[in-house]
Number of protein chains: 2
Amino acid sequence: MWTPDRSNGQPIYQQIADDLERRISYGEFPPGSLLPSERKLAEQLGVNRSTVILAYAELRSLGIIESRSGSGTRVSKYKWGATPKHTPNWSRYAVGGSFLPNVPFLRRIREALGHNPSLIDFASGELEGDLSPVEEINSLLSGNHFNSYLGYDNPHGYTPLRQSLVSYLHKYRQIQTTESSILVTSGSQQSLYLITQCLLSPGDAVAIEDPSYCYSLPMFQSAGLRLFRLPVDSKGIKPEDIRALYKKHRIKMVFLNPNFQNPTGAVLDPERRARLLDLVSELGLPIVEDDPFSLTAYEETPPPPIKSIDTLGSVLYIGSFSKMAASGLRVGWLVAPHSVVERLADARQQMDFGLSVVPQKLASQFLNSDYFAPHLERLRLRLLYKRDLLIEAIRAELGDLVKFTVPQGGLHLWCKVKPEVNDGKLLEEAIRRGVIFVPGSVYGSDSGYVRFTYARAGEQQIRPGIMKFAAALRAVLG
Amino acid sequence: MWTPDRSNGQPIYQQIADDLERRISYGEFPPGSLLPSERKLAEQLGVNRSTVILAYAELRSLGIIESRSGSGTRVSKYKWGATPKHTPNWSRYAVGGSFLPNVPFLRRIREALGHNPSLIDFASGELEGDLSPVEEINSLLSGNHFNSYLGYDNPHGYTPLRQSLVSYLHKYRQIQTTESSILVTSGSQQSLYLITQCLLSPGDAVAIEDPSYCYSLPMFQSAGLRLFRLPVDSKGIKPEDIRALYKKHRIKMVFLNPNFQNPTGAVLDPERRARLLDLVSELGLPIVEDDPFSLTAYEETPPPPIKSIDTLGSVLYIGSFSKMAASGLRVGWLVAPHSVVERLADARQQMDFGLSVVPQKLASQFLNSDYFAPHLERLRLRLLYKRDLLIEAIRAELGDLVKFTVPQGGLHLWCKVKPEVNDGKLLEEAIRRGVIFVPGSVYGSDSGYVRFTYARAGEQQIRPGIMKFAAALRAVLG
Ligand SMILES: Cc1ncc(COP(=O)(O)O)c(C=O)c1O
Ligand SMILES: Cc1ncc(COP(=O)(O)O)c(C=O)c1O
């Protein structure tokens, strides 16, 4: 994004006015459309609000924009054509469709991170650069040769990748499957999207964990699903709760993240898993098992997935490279019965024509390479180290103010702030002080919970980040 | 996909039975699910139907599967658990959701190409391997180094790619735009999907060309849109038809593919473009301009897009690498006002969390490289040559049986078969003889039209392909 050049001699406000005029004339802001507020533009450009006020005044004097009190600043309509001509009312189009906008807190977090890259980031649920296999990927890339064909891919995904996944799933996740039972997706996110869009209908009831990553996804509401809660305790959800929801609401599917659950870190108890499978097979109810974190298990062997003991075929299994290698690869997979894979592959073709073969080939080579196992080993050790840094910092800086259970895998620490506190105020105060996290209400919990991700921030940033958070919390508590 | 090994000594039917047993026990076909018909499985495995009959008999004798007349062969339920337990009824789930399945002819074509890779392919609307910049991509890949960060990408797309696109659009498409007006997508397909899902609501009326690529996309119907037709003649659509549809049906958007339209090859007349823009600005009606083919123009300069003369911001512009470089990259772009880009980026994050950075970086480097212009030059010459090969073959083998207009760009030749002919019969007959094309009805036209793509088949295959088609046509005409 353009920012003013402080060394070029021209006044900053004039540079801003010129840039806006260019953006308006190129159609980024068509006639009649709303411009960013003075406050927001100042934040984006890293200038004082008064500079933006001058820039807007300049454009107003040229007749390019108009401000009306209460309705903000808009691009003038008359400057750009004779009266009867007009531009489509884009803002009305932009509220059409059945797609709900993202959760406000998540939009706020994205916006804040976009404007201020120096924020200490306990919010983004992903690995820092150092934890991703960047060198390994570079070295695979440089040996990567495409054959003569670079056309539309098989709608189920690149065949060699599906073959590599069959071995990977067998070796690392104790899942026996076949190539035709695998659909390669743009991360777990797209697997969830395809399931909610194609296997369920508006009005259907589904059960999700409480708290749950799923609450952060408006896709469930966009699909018109009715959501019912399965409370998560230290051993995960209770199978009996599913029976109750089934009786009462005829739930049609259950979404679980049983290993190192996001956000709580809970692992579903083995005995509960067995009962769960008995129960769902009695009810003929499918489970979606979202399993992105297992291979981060800090102990030697990660818990095997429910899918590995699913003899009756009740489980749709979802995996991804995002949390164990790199989220920017956008490679995930779904293991499902043939009829489901066919249906989802068909629908997905209509949405995007499938994934690029480039990252798929890379992912396949990485799985088969000698880099894979050592990468995982290193990832686990580093995550464990960072988890401990975070916990140490919290104990030192926050003491009794927050409570948590120590997670044995995953990227997140789920904390209860003891005194009563307002989520939104705490978030804004933290941003002001240079640190960011996700308020627990994003995951459907009550106010006063906080999710800290320790995978994203650098090791050196963890302590200062918690110090800033502690100051923010104390400020809000007054 | 597994196929029997004719040299391993074990009878083929036994190998098939063993493989099916494995696939069943791994959950590809859960208890109660339907197995492929004998005919279909024989086709998939390249064996006689009688061999599959033997394999199914073997599995039946073991109690693994059951056949009931009229309802096909299913995986036995009782083999796999005590009576009250059962698997979710996956086939019922697979018909849920609001996503319509693909057009039957297109499914049939995909299936036929999947089973028989030696079919001469006049159906797939894409470049053959030789026309894609494969060497260029390999050489860029080997120099491609990622920095330390491989995390979730900017929801609008990789910033350096959006910057490269700003220059590309200016230089090659005479479009002035800004980085923040660009959304990078998984090809034009995803741009269209986002527009239909997020800017329109079920029940909205839209206008599309007739015939049109859009008819091949059930996404329009899945979004609940009402489609109205704008007949295409040799100069494209007639603007007055839009006014009539607006009056009668209050259409909310117009979808056009004005340069080398798929399937007709028509180019929208310049004078009609000017009238079109006047009209839509009078009505405040947005146009979606889908422009994947322009840079294939066989003459020196491709017609500039409507977007380049759109001073009022009525046009959403869609581009893609698919037809000018490689469809397997899955990189496309949308140019739109700020508010629209924001809305679509937000929705798209919920669907797939954005594109992989790997192909985006590659695409950006390719655009900026010295490879790009020479690649386009070579592509144009080769496409022109292949077009002429096809036309020559058609004139020689089919004479008066088909009529067409010679296209000046794009990948397709649109033909009217003179005598009355049944689309489905002709397609099956052609497949049987080893050639495949797309029946015109897929694009919404009456029976008796055929789309031949000359970009995909090898030069050596064009004449033999048309000979097979001619034989098929003569067989159907009787
Ligand atoms: C539980 C869970 N599922 C799915 C996802 C989506 O990840 P991706 O699409 O990158 O695989 C996330 C990301 O935070 C997650 O935490
Ligand atoms: C007119 C038109 N638009 C869009 C597409 C989709 O192409 P892609 O998603 O590969 O860019 C095609 C492909 O055939 C097309 O012909």
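Model, not experiment: these values are computed from the prediction.

Novice: Could you give an account of the overall build of chain A, with specific residues and numbers?
Specialist: What chain A contains, in helices and strands, is 16 helices and 15 strands. Relative to the globule expectation of 23 Å for 478 residues, the C-alpha radius of gyration of chain A, 25 Å, shows essentially globular dimensions. Here chain A holds 478 residues, and 62% of them are scored as buried. Considering only contacts in chain A between residues 6 or more positions apart, those separated by 24 or more positions represent 73%. About 17800 Å² of surface is accessible on chain A, with carbon and sulfur atoms providing 51% of the total. For chain A, the distance from the average position of its 54 positive side-chain charges to the average position of its 49 negative side-chain charges is 6 Å.

Novice: Describe the domain arrangement of chain A, listing the residues and the values that go with them.
Specialist: Domain boundaries assigned for chain A yield domain 1 (12–94), domain 2 (104–131 + 375–477) and domain 3 (151–370). The C-alpha-based centres of domain 1 of chain A and domain 2 of chain A are spaced at 37 Å.

Novice: Break down the site of ligand 2 for me, citing the residues and quoting the values.
Specialist: Residues in contact with ligand 2 amount to 15 residues; listed here are only the nearest, Tyr 152 of chain A together with Asn 262, Asp 290, Ser 320 and Ser 322 of chain B. Residues near ligand 2 are shared among chains A and B, making this a multi-chain site. Gln 189 of chain B has a polar backbone atom sitting 2.8 Å from an oxygen atom of ligand 2. About the coverage of ligand 2: the protein hides 98% of its 390 Å² of free accessible area. For the shell around ligand 2, the element with the highest residue contribution is helix H8 (residues 187–198) of chain B, accounting for 3 residues. Considered class by class, the residues forming the shell around ligand 2 number 5 nonpolar, 7 polar and 3 charged.

Novice: Which residues make up the relation of the copies chain B and chain A, and what are the values?
Specialist: Each of the two chain copies can be brought onto the other by rotation about an axis and movement along it. Turning chain B through 180 degrees and shifting it by 0.0 Å along the axis lays it on chain A, with an RMSD of 0.0 Å. Such a turn and shift between the copies fits a two-fold axis. Relative to the rotation axis, the C-alpha of Ser 142 of chain B is the closest in chain B, positioned 1.8 Å from it.

Novice: Tell me what's going on with the pattern of salt bridges, and back it up with residues and numbers.
Specialist: All names here are of chain A. The full count for this structure, using the stated rule, is 64 salt bridges over all chains. We note a salt bridge from Lys 238 to Asp 233, for which the minimum N-O separation is 3.7 Å. Residue classification places Asp 233 among the partly exposed positions, given a relative accessible area of 28%. A salt bridge links Arg 387 to Asp 388, with the shortest nitrogen-to-oxygen separation between them at 3.0 Å. One network of salt bridges, with partners in common, ties together Glu 128, Asp 130, Arg 382, Lys 386 and Glu 459.

Novice: Explain the pairing of strand E9 (residues 315–320) of chain B to me, and be specific about the residues and the numbers.
Specialist: Residue and element names in this part refer to chain B. Of all 6 residues that make up E9, 6 are buried, and the element is covered over most of its length. Covered by surrounding structure in E9 are Val 315, Tyr 317 and Gly 319 together with Leu 316, Ile 318 and Ser 320, the residues of both alternating faces. Across 4 bridges, strand E8 (residues 287–290) lies against E9 in parallel orientation. Paired with Val 288 across the two strands is Leu 316, which belongs to E9. With 4 bridges joining them, E9 and strand E10 (residues 332–335) adopt antiparallel strand pairing.

Novice: So what's going on with the pairing of strand E7 (residues 253–256) of chain A? Which residues, and what values?
Specialist: Moving residue by residue along a regular strand, the side chains alternate between the two faces of the sheet. Residue and element names in this part refer to chain A. The two faces of E7 match: Met 253 and Phe 255 on one face and Val 254 and Leu 256 on the other face are all buried. Bridge analysis of strand E5 (residues 205–210) against E7 gives 3 bridges, and the strand direction is parallel. Within E7, the position partnered with Ile 208 by the bridge is Phe 255. Relative to strand E8 (residues 287–290), E7 runs parallel, the two being bridged by 3 bridges. Residue pairing across strands places Val 254 opposite Ile 287, the latter belonging to E8.

Novice: Kindly report on the packing of helix H14 (residues 372–398) of chain B against helix H16 (residues 459–477) of chain B, identifying the contributing residues and their values.
Specialist: Residues and elements named next belong to chain B. Relative to each other, H14 and H16 sit at 30 degrees, their axes nearing to 9 Å. With respect to H16, the axis of H14 lies roughly parallel. Helix-helix and strand crossings are classified by hand; for H14 and H16 the assignment is right-handed. Touching Arg 382, Tyr 385, Lys 386, Leu 389, Leu 390, Ala 393, Ile 394, Ala 396, Glu 397 and Leu 398 of H14 are Glu 459, Ile 462, Arg 463, Ile 466, Met 467, Phe 469, Ala 470, Leu 473 and Arg 474, all from H16. Taken together, the residues of the contact of H14 with H16 break down into 13 nonpolar, no polar and 6 charged.

Novice: Which residues make up the interface of chain B and chain A, and what values do they have?
Specialist: Each partner contributes to the interface: chain B provides 108 residues, whereas chain A provides 108 residues. The interface formed by chain B and chain A includes 4 salt bridges. Across the salt bridge formed by Arg 110 of chain B and Asp 346 of chain A, the nearest N and O atoms sit 3.6 Å from each other. At 10 residues, helix H12 (residues 338–352) of chain B tops the list of elements feeding residues into the side of chain B that touches chain A.

Novice: Before we move on, could you go through the sheet that holds strand E4 (residues 182–185) of chain A and cite the residues and values that matter?
Specialist: The strands making up a sheet associate through backbone hydrogen bonding, with each pair oriented either parallel or antiparallel. All names here are of chain A. Overall, mixed pairing links the 7 strands, which are arranged E4-E10-E9-E8-E7-E5-E6 in an open sheet. On the outer flanks of this sheet lie E4 and strand E6 (226–231), each paired with one strand and no other. Each strand of the sheet is rotated relative to its neighbour by a mean of 20 degrees, with strand direction disregarded. Contacts from helix H8 (residues 187–198) reach E4, E7, E8, strand E9 (315–320) and strand E10 (332–335), with the element oriented near 150 degrees to E9.

Novice: I'd like a rundown of empty space enclosed by the protein, residues and numbers included.
Specialist: Unfilled space is identified by rolling a water-sized probe across the atoms. In this structure the tally under the stated criterion is 8 cavities of 30 Å³ or more. Residue lining of the largest cavity: 15 residues in total, with Tyr 152 of chain A together with Ser 188, Tyr 213, Pro 292 and Lys 323 of chain B positioned closest to the centre. Considering every element that reaches the lining of the largest cavity, the biggest residue donor is H8 of chain B, with 3 residues. Taken together, the residues that form the lining of the largest cavity break down as 5 nonpolar, 7 polar and 3 charged. If you add up the space inside the second largest cavity, you get close to 100 Å³.

Conventions adopted
Residues numbered from 1 in each chain as written. Chains lettered and ligands numbered in written order. Predicted model: local features only at pLDDT ≥ 70, side-chain atom pairs only at ≥ 80, totals over all residues. Heavy atoms only, no water. Helix = DSSP H or I, 4+ residues; strand = E, 2+ residues; numbered from the N terminus. Rg over C-alpha atoms; globule rule 2.2 N^0.38 Å. Buried < 20%, exposed > 50% of the residue type's maximum accessible area, 1.4 Å probe, protein only. Contact = heavy atoms within 4.5 Å. Areas by Shrake-Rupley, 256 points an atom, 1.4 Å probe, with all protein chains shown as cover. Lys, Arg positive; Asp, Glu negative; His and termini not counted. Charge placed at Lys NZ, Arg CZ, Asp CG, Glu CD. Domains from an automatic or database assignment. Near = heavy atom within 4 Å. Polar contact = N/O pair within 3.5 Å; in protein donor to acceptor, adjacent residues only side chain to side chain. Nonpolar A, V, L, I, M, F, W, Y, C, P; charged D, E, K, R; others polar. Least-squares fit on C-alpha atoms with pLDDT ≥ 70 in both. Salt bridge = Lys/Arg side-chain N within 4 Å of Asp/Glu carboxyl O. Pairing = 2+ DSSP bridges. Axes fitted to C-alpha atoms, helices over the stretch in contact; angles between N-to-C directions. Parallel < 35°, antiparallel > 145°, perpendicular 65-115°, else oblique. Left-handed = near helix turned anticlockwise from the far one by under 90°. 1 Å grid on protein atoms, 1.4 Å probe; cavity = no way out; pocket = protein on both sides within 12 Å on 5 of 7 lines; lining within 4 Å. Points joined across faces, edges and corners; volume = space filled by probe spheres on them.

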